[in-house]
Structure formats: C-alpha cells, structure tokens
Amino acid sequence: VEDTATGGDHRRRRRVLFFPLPFQGHINPMFQLAGVLHSRGFAITVFHTHFNAPDASRHPDYHFVPVPDDDGGTPTPGDGGAPPAADTLHVTLERVLAVNRACEAPFRELLAALLEQRRDEVACLVADAHLLTLLDVARELGVPTLVLRTGSAACFRIFMAFPMLCDMGYQPARESELDLPVRELPPYRVRDLLSTSAAGHAVMSEVISRLVKAVATSSGLILNTFDALESAELASLRRDLPAAVQVFDVGPLHKLSPSPATSTSLLRQDRRCLDWLDTQAPASVLYVSFGSLASMSATDIAEAAWGIADSDVPFLWVLRPAIVPGSGAGAPPLPDGFLAAVDGRGVVVGWAPQEEVLEHAAVGAFWTHCGWNSTVEAVCAGVPMLCRPWFGDQMGNARYVADAWRVGVELDGEIERGKVAEAVAAMVMDGGTRRRARELGKRAAESVAGGASGVNVDKLASHIMAL
Ligand code: UDP
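Residues numbered from 1 in each chain as written. Predicted model: local features only at pLDDT ≥ 70, side-chain atom pairs only at ≥ 80, totals over all residues.

(A) Spotlight on the overall build of the protein. Looking only at helices and strands, one finds 17 helices and 13 strands in the protein. Relative to its 467 residues, the protein shows a buried fraction of 51%. Sequence-distant contacts in the protein: of pairs separated by 6 or more residues, those separated by 24 or more amount to 74%. (Helix = DSSP H or I, 4+ residues; strand = E, 2+ residues; numbered from the N terminus. Buried ≥ 20, exposed ≤ 12 C-beta atoms within 10 Å, placed from the backbone. Contact = placed C-beta atoms within 7 Å.)

Pasting the structure below:
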C-alpha cells in the first residue's frame with residue numbers, strides 16, 4: 001500500500017482530504033486518522049472551519065484549507081466549543097447544522113478549485129459523520145467519500161435504530177420509564193439513549209437521520225473502536241448497513257497515530273501536572289475530567305470539590321476555564337476553603353495532557369463524563385472509571401463501561417458531596433473493577449501490538465486506493 005500511495009515515478013502520490021467537525025472530541029480522532037494514513041504514504045489536505053481552527057504550524061507536512069463558516073453565531077475561537085445555554089446537546093446540535101449550512105457554498109468553491117489543480121491526486125474525502133451537506137458536495141463534484149464517526153459502534157446502532165425507538169415509544173423518553181431496559185438494544189436502559197429536552201427532540205431526530213444518511217451514501221464507515229471492545233456491535237453494523245458501505249474498525253486511533261496528542265489540543269495543556277504525578281505513589285491518584293463541552297454550575301463544582309476533599313484521595317482535576325457557562329475566561333470558582341482543606345493533596349489545572357496522564361503509573365482511577373475518546377483512552381490505559389455522563393452518547397458509553405465491560409461504576413443523579421466521597425473511596429478500594437480494567441487494557445494493547453488494528457488500517461488504505 002505504501003508504494004502505491006507514495007507513488008513510483010509513474011504514479012502521482014494519492015491525497016486524502018479530511019474535514020473534521022470543529023469540536024475537540026472530533027478533531028482529535030480525525031487528525032489521528034490523518035496521521036495514520038500519512039504514515040502509510042498518503043498526502044493529506046485538511047479542510048477546516050475558522051471556528052476552533054487547527055494550528056497548521058504543528059503539522060508542516062499537511063496542506064490546510066480554511067473554509068469560512070461565519071454564520072453570525074460563532075462562539076469565540078479556542079474556547080473548546082462550550083455553548084452558553086444549559087441544554088448543551090441541543091445547542092451543540094444546532095451548531096452542527098449551522099456549520100453544514102455555513103460551509104456548503106465556500107466548501108464547494110474551494111474543493112472545485114483544488115480539484116482543478118490536483119484532481120488526479122485526490123483519492124477521497126473523509127469527513128465527520130455530522131457533515132452530510134459537505135459529503136454531498138464532494139460527491140456532486142465526483143469525489144468518493146468515507147465517513148469518520150467519532151463515537152462507538154454501539155452508539156451508531158442507536159442511530160440506525162432511532163426510527164424504531166421512536167415508533168416503539170422509547171423516544172422521546174418518558175420520565176417514568178427511564179430505568180426500563182431497551183430490549184432491542186441491550187445493555188441500554190431508556191435513560192442511556194440520546195435523550196434531550198422536548199425542544200431538542202426534533203433537531204436531534206434530524207441530526208441522527210442525517211448521520212445515518214451520511215454513512216449509508218458513503219463508501220465506508222470508519223470507527224475509532226476495535227474488535228476486542230465491540231465485536232458484537234461491529235458485526236451487527238456490518239449486517240445492517242448497505243453492502244456497499246464497508247466498516248473499518250481502526251481504533252484505538254490514539255495508539256496507532258504517530259502524531260503527538262498535544263498537536264491537536266485547542267487549549268494549552270498544562271504539563272506541570274505530569275511532574276506532580278511523578279511524586280505520587282503508583283495507582284493512587286484520582287484523575288478528574290469532564291471533557292471539552294460539559295458545563296457545570298458553581299454548585300456542582302462545590303459539591304464535586306467537597307466530595308473529592310472528603311474522599312481523602314490524591315487527585316488531579318481538570319477544570320476548563322469555560323466550564324461554568326457565562327463565567328468568562330478566569331479560573332472556575334472553587335469553594336472557599338477547598339484548597340486549604342486538601343492542603344497539597346491535589347492539583348487543579350485548566351487542561352491536561354490527558355493521554356499521558358491516563359498512562360501515568362500514579363493514576364489509579366478516572367472520574368469521567370464518558371466522552372468516547374476519554375473512554376477509549378482510559379480503556380487502553382487500563383484505568384477504572386467512575387462514570388458521570390452529561391449528555392448525548394455519554395450515558396450509553398457509561399452503560400458499556402459499567403455493565404458490559406465492568407471496568408467502572410456509575411455515579412447516578414445530582415452531584416452531591418457525600419455520594420462523591422463514597423464513590424471515590426469505593427472506587428479506589430475496588431480490586432475487581434481494577435483487575436478487569438487492566439485486563440481490558442491488555443487486550444487493547446494486544447490489538448495494537450498483535451496487529452489486528454494495523455491490519456484494519458491496511459484494509460482501509462487499500463480500499464481508498466481502489467476508490
Ligand atoms: N482532553 C485533553 N485534556 C484534558 C481533557 C481532555 O487533552 O484536560 C482530550 C481527551 O484526551 C480527549 C478529548 O480531549 O481526546 C475529549 O474528547 P471526549 O470524546 O472524551 O469528550 P468531549 O470533549 O467530546 O466531550
């Protein structure tokens with residue numbers, strides 16, 4: 001594959017075009033995939049919005065094409081995409097549709113111009129599954145398309161089953177039925193599905209049907225997952241998708257990509273916390289992070305803080321500056337007396353080098369929102385999880401962590417200091433969960449070292465060459 005992609009004297013180098021959705025959890029796996037294909041000899045062009053634009057200087061080998069996306073509602077660049085309103089999912093989904101609308105015309109023009117110069121080189125476009133409009137544009141201009149879905153295979157099953165879930169009354173979810181099992185999609189309960197506010201249901205339905213269409217009309221679905229983690233879910237997708245859509249499970253991408261994780265971080269990662277971890281005992285530290293989009297009230301932060309303080313466990317806590325909506329760029333409000341109470345037992349940072357933190361020997365547990373990237377990173381590091389999902393696919397990911405793989409426990413309901421302290425202390429003591437987490441981590445490492453993931457990347461590279 002390498003020879004054909006790089007091209008001999010007789011053949012031009014093949015180029016793969018990428019278009020990530022401009023959120024941290026989507027940018028990271030897209031660039032990891034680009035890194036993997038670049039190392040297989042492909043040339044890379046990245047189309048990107050101005051909002052949350054990647055730093056081109058960190059990828060000198062790639063060609064970047066900025067696409068104007070100013071629709072009047074763009075949040076400040078570099079804020080990690082935290083929307084101001086309480087219903088984060090609804091706002092984020094509206095933003096996804098706005099990006100599609102705003103980029104359509106400029107992307108058409110920019111892609112046509114690129115094709116005029118380099119049509120022979122261009123092999124395909126790999127776009128985020130949320131960018132249906134842009135995938136359509138590429139197909140209209142004769143460019144084959146592949147879709148990267150940055151969530152789990154299990155989550156994509158929910159998307160495919162969504163009309164059935166609505167017909168059967170699972171969606172929109174009724175308050176009284178939240179704990180009922182979804183028999184058609186075990187191990188999910190109704191509350192694990194992608195619930196949103198009543199106002200958000202229509203936009204969510206639209207976004208999901210666009211996601212499924214984006215995949216069904218493409219030549220392949222690329223997932224950041226692997227057989228040791230989701231073998232039944234992958235088999236079911238392969239059975240249910242049209243035959244023309246091949247499924248490539250090329251995860252865990254962060255383990256396969258040669259590019260360092262720092263290269264795509266929208267926020268500056270505070271690396272001093274790694275020095276502090278060096279001073280801590282093995283498997284002793286609780287790492288706390290809720291990703292790039294989840295928002296918290298000042299009360300949530302206070303309850304979490306006092307729970308962590310009362311657990312008596314050493315901790316590293318990521319509190320993004322924008323985590324409290326409307327609180328501005330300053331440090332988020334920790335309750336008075338908290339830092340004195342924990343007295344050097346922990347460190348609070350604005351953003352951490354998460355992959356390295358999770359791999360650090362001192363980290364013994366991860367209190368996470370269960371974003372898919374964080375989940376895969378923790379699985380690979382063999383770190384048990386305390387799951388406190390916020391929205392979207394996070395509840396479903398938590399269900400898999402707690403009930404399918406049994407490498408974590410869930411913290412249900414409101415964040416309350418007593419519950420937090422108890423859950424953290426129990427987590428640190430829980431040998432069974434820790435053992436299973438380490439075993440799953442080993443299986444992930446075998447998938448990388450034993451070559452299963454690499455073989456799937458080779459298949460993807462051959463597929464791209466044949467398009
Ligand atoms: N991340 C990071 N530093 C942090 C917290 C998170 O670099 O302090 C990275 C993390 O490694 C992951 C991504 O940000 O790759 C978050 O993606 P995820 O899907 O977990 O959550 P989202 O931000 O989309 O909710």
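(B) Molecular detail of the sheet that holds strand 2 (residues 43-49). With respect to topology, seven strands assemble into an open sheet ordered 3-2-1-4-5-6-7, the strand pairing being parallel. Two strands close off the open sheet at either side, each with one partner strand: strand 3 (63-67) and strand 7 (246-249). Strand-to-strand twist of the sheet, defined as the mean angle between neighbouring strand axes without regard to direction, takes the value 20°. Of the strand pairs in this sheet, strand 2 and strand 3 are connected by five bridges, and their pairing is parallel. Across the sheet, Thr45 pairs through a bridge with His63, a residue of strand 3. (Pairing = 2+ DSSP bridges. Axes fitted to C-alpha atoms, helices over the stretch in contact; angles between N-to-C directions.)

(C) A look at the confidence of the model for the protein. In this model, the protein carries an average pLDDT of 91, and 93% of its residues clear a pLDDT of 70 or more. Predicted confidence for residues 7-11 stays below pLDDT 50, and this span has three contacts to residues more than four positions away or in other chains. Here residues 72-86 scores under 50 on pLDDT; set against residues more than four positions off or in separate chains, the count is 32 contacts. Overall fold confidence (pTM) sits at 0.94, and the ipTM for the predicted complex is 1.00. (pLDDT = per-residue confidence, 0-100.)

(D) Up close: the site of the ligand. Close to the ligand lie 20 residues, the nearest being Gly25, Gly291, Ser292, Gly371 and Ser374. Looking at the shell around the ligand element by element, the count peaks at four residues for helix 13 (residues 372-381). Considered class by class, the residues forming the shell around the ligand number six nonpolar, twelve polar and two charged. (Near = placed C-beta within 6 Å. Nonpolar A, V, L, I, M, F, W, Y, C, P; charged D, E, K, R; others polar.)

(E) Fine view of the pairing of strand 1 (residues 15-19). In terms of burial, strand 1 is a largely internal element, four of the five residues being buried. Here strand 1 pairs with strand 2 via four bridges, running parallel. Considered in strand 2, the bridge of Leu17 is made with Thr45. Each parallel crossover has a hand, and the one from strand 1 via helix 2 (residues 24-39) to strand 2 is right-handed. Inspection of the sheet shows strand 1 paired to strand 4 (residues 122-128) by five bridges, in the parallel sense. Each bridged residue has a counterpart across the sheet, and for Val16 the counterpart in strand 4 is Cys124. (Right-handed = clockwise from strand over helix to strand, strands pointing away.)

(F) Geometry of the packing of helix 13 against helix 16 (residues 431-449). At a minimum axis separation of 6 Å, helix 13 and helix 16 run at an interaxial angle of 95°. Considered as vectors, helix 13 and helix 16 are oriented roughly perpendicular to each other. From helix 13, Val379, Cys380 and Ala381 reach across to helix 16, where they touch Leu440, Gly441 and Ala444. Partitioned by chemical class, the residues of the contact of helix 13 with helix 16 number five nonpolar, one polar and no charged. (Parallel < 35°, antiparallel > 145°, perpendicular 65-115°, else oblique.)

(G) Structural view of helix 10 (residues 298-311). Between its first and last C-alpha atoms helix 10 spans 20 Å; for 14 residues at 1.5 Å apiece the expected length is 20 Å, and the two agree. Listing the buried residues of helix 10 in full gives Ile301, Glu303, Ala304, Ala305, Trp306, Gly307, Ile308, Ala309 and Ser311. One or two residues past the end of helix 10 sits Asp312, with phi positive at roughly 65°. (Expected span 1.5 Å × (residues − 1).)

(H) Focus on the nonpolar core. Within the largest apolar cluster, 143 residues are counted, with the highest numbers of intra-cluster contacts made by Val16, Phe18, Leu33, Val126, Val147, Ile222 and Leu316. Ignoring any residue separated from it by four or fewer positions in sequence, one finds Leu316 in contact with Cys273, Leu277, Val285, Tyr287, Gly346, Val347, Ala352 and Val357. (Core = buried A, V, L, I, M, F, W, Y, C linked by C-beta atoms within 7 Å.)

(I) Representation of the sheet that holds strand 9 (residues 315-318) within the structure. Here we have six strands laid out as an open sheet, ordered 10-9-8-11-12-13, and parallel in their pairing. Of all the strands in the sheet, the pair left with one neighbour each is strand 10 (346-349) and strand 13 (408-410). Each strand axis lies, on average, 15° off the axis of its neighbour in the sheet, ignoring direction. Bridging between strand 12 (residues 385-387) and strand 13 involves three bridges; their strand directions are parallel. Of the residues in strand 13, the one forming a bridge with Leu386 is Val409. Most of the contacts of helix 14 (residues 394-404) go to strand 13, to which it runs at about 125°, and overall it touches strand 12 and strand 13.

(J) Main features of the environment of Trp405. Secondary-structure assignment places Trp405 in the loop between helix 14 and strand 13. Residues Trp405 and Thr433, 28 residues apart in the sequence, show an inter-C-alpha distance of 9.5 Å. Beyond its immediate stretch of four places on either side in the chain, Trp405 contacts Tyr400 and Leu440.

(K) Broad picture of the packing of helix 3 (residues 88-118) against helix 4 (residues 132-140). With their axes 9 Å apart at the nearest point, helix 3 and helix 4 run at an angle of 25° to one another. By the angle class used here, helix 3 and helix 4 are roughly parallel. Helix-helix and strand crossings are classified by hand; for helix 3 and helix 4 the assignment is right-handed. Between helix 3, through Asn100, Cys103, Glu104, Phe107, Arg108 and Leu111, and helix 4, the contact on the second element is made entirely by Leu132, Thr133, Leu134, Val137 and Ala138. For the contact of helix 3 with helix 4, the per-class residue count stands at seven nonpolar, two polar and two charged. (Left-handed = near helix turned anticlockwise from the far one by under 90°.)

(L) Structural context of unusual backbone geometry. Note the cis peptide between Gln171 and Pro172, where omega equals -10°. Examined against the element boundaries, Pro172 turns out to sit in the loop between helix 5 (153-167) and helix 6 (198-216). Cis geometry is adopted by the peptide bond preceding Pro252, which originates at Gly251 and carries an omega value of -5°. Note on placement: Pro252 falls in the loop between strand 7 and helix 8 (253-256). Despite not being glycine, Asn52 shows a phi value in the positive range, around 50°.

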